[in-house]
Amino acid sequence: VQLVESGGGLVQPGGSLRLSCAASGFTFSSYPMYWYRQAPGKGREFVARISDTGAITNYLDSVKGRFTISRDNAKNTVYLQLNSLKPEDTAVYYCYAFVRYGYWGQGTQVTVSS
């Protein structure tokens, strides 16, 4: 199993980014996918989940209405659209899948600052 995130960067408050996670090594369309984040000096926290078909999504309360998780099963890729970004969204964002065991990507840095 391999998960590779991309799309992070430096953005001003109120700005947007789209993160991508390219998955390989398993039947992507059969598994829910997750995004987590870890801010400096804090533990890793759940951000969003999407079901295998994409029909069901769940979010951390503080990102509801601002972030959107989606997936393209033909491309084995899960996305996280980040809108109306705030400084407190600054973190390393990780893609996660549980395929008999838990697997993490290497993370992508999102920095929200003026």
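Above: the structure in question.
Since the structure is predicted, the reported quantities are computational estimates derived from the model, not experimental observations.

Enquirer: Got a minute to help me understand the sheet that holds strand 7 (residues 67-72) in this structure?
Expert: The pairing of strands in a sheet happens through backbone hydrogen bonds and is either parallel or antiparallel. If you trace the four strands from one edge of the open sheet to the other, you get 1-3-8-7, paired in antiparallel fashion. In this open sheet, the two strands that pair with only one neighbour each are strand 1 (2-6) and strand 7. Across the sheet, the mean angle from the axis of one strand to that of its neighbour is 15°, orientation sign disregarded. Sheet analysis places strand 3 (residues 17-24) next to strand 8 (residues 77-82), joined by six bridges and oriented antiparallel. By the bridge assignment, Leu 19 is partnered in strand 8 with Leu 80.

Enquirer: What is the right way to look at the packing of aromatic side chains in this model?
Expert: Each aromatic ring pair is characterised by the separation of its centres together with the angle its planes make. Per the counting criterion, the structure on display carries nine aromatic pairs. Taking the centre distance of 5.9 Å and the plane angle of 80° together, the rings of Tyr 36 and Phe 46 count as edge-to-face. Here the residue Tyr 36 occupies a position in strand 4 (residues 33-38), and Phe 46 occupies one in strand 5 (residues 44-50), the gap between them amounting to ten residues. A ring pair is formed by Tyr 94 and Trp 104, whose centres lie 6.2 Å apart and whose planes are at 85°; its orientation type is edge-to-face. You can see Tyr 94 sitting in strand 9 (residues 91-99) and its partner Trp 104 sitting in strand 10 (residues 101-104), a full ten residues away along the chain. An aromatic cluster is defined as three or more aromatic residues linked by ring pairs; in this entry it consists of Tyr 34, Tyr 36, Phe 46, Tyr 94, Tyr 96 and Trp 104. Its end group placed over the ring of Phe 28, Arg 71 keeps NZ or CZ at 4.3 Å from the ring centre.

Enquirer: Honestly, the pairing of strand 5 in this entry has me stumped. Any pointers?
Expert: Along any regular strand the residues' side chains alternate between the sheet's two faces. Where strand 4 meets strand 5, six bridges bridge the pair, whose relative direction is antiparallel. Pairing of Trp 35 across the sheet is with Ala 48, part of strand 5. Here strand 4 hands over to strand 5 after five residues, with Gly 41 in that stretch at a positive phi of 75°. Bridge count for strand 5 against strand 6 (residues 57-59) is three bridges, and the pairing is antiparallel. Following the sheet pairing, Ala 48 is matched in strand 6 by Tyr 59. Between the antiparallel neighbours strand 5 and strand 6 lie six residues, among them Gly 54 with a positive phi of about 90°.

Enquirer: Looking at this model, I keep getting lost on the nonpolar core. Mind explaining?
Expert: The nonpolar side chains of a soluble globular protein tend to be buried with one another. Residues Met 33, Trp 35, Val 78, Leu 80 and Tyr 93 are the most contacted members of the largest nonpolar core, which totals 29 residues. Ranked by residues supplied to this core, first place goes to strand 9 with five residues. Not counting residues within four places of it along the chain, the set of residues in contact with Tyr 93 comprises Glu 5, Leu 19, Trp 35, Tyr 36, Arg 37, Val 47, Phe 67, Leu 80, Leu 82, Gly 107, Thr 108 and Val 110.

Enquirer: When you look at the side chain of Ser 20 in this model, what are you seeing that I'm missing?
Expert: Note on placement: Ser 20 falls in strand 3. On the accessibility criterion, Ser 20 (17% relative accessible area) is buried. Here Ser 20 is in contact with Val 4, Glu 5, Ser 6, Trp 35, Thr 77, Val 78 and Tyr 79, once residues within four sequence places are set aside.

Enquirer: What should I look at first to understand the environment of Asn 76 in this one?
Expert: With respect to the helices and strands, Asn 76 occurs in the loop between strand 7 and strand 8. Each C-alpha atom of the pair Asn 76 and Ala 22 lies 6.1 Å from the other, and the pair is 54 residues apart in sequence. Ignoring sequence-local partners within four residues, the contact set of Asn 76 consists of Cys 21, Ala 22, Ala 23 and Phe 28.

Criteria and cut-off values
- Residues numbered from 1 in each chain as written.
- Predicted model: local features only at pLDDT ≥ 70, side-chain atom pairs only at ≥ 80, totals over all residues.
- Heavy atoms only, no water.
- Pairing = 2+ DSSP bridges.
- Helix = DSSP H or I, 4+ residues; strand = E, 2+ residues; numbered from the N terminus.
- Axes fitted to C-alpha atoms, helices over the stretch in contact; angles between N-to-C directions.
- Phe/Tyr/Trp six-rings, centres within 6.5 Å; stacked < 30°, edge-to-face > 60°.
- Lys NZ or Arg CZ within 6 Å of the ring centre and 35° of its normal.
- Core = buried A, V, L, I, M, F, W, Y, C linked by side-chain atoms within 4.5 Å.
- Buried < 20%, exposed > 50% of the residue type's maximum accessible area, 1.4 Å probe, protein only.
- Contact = heavy atoms within 4.5 Å.

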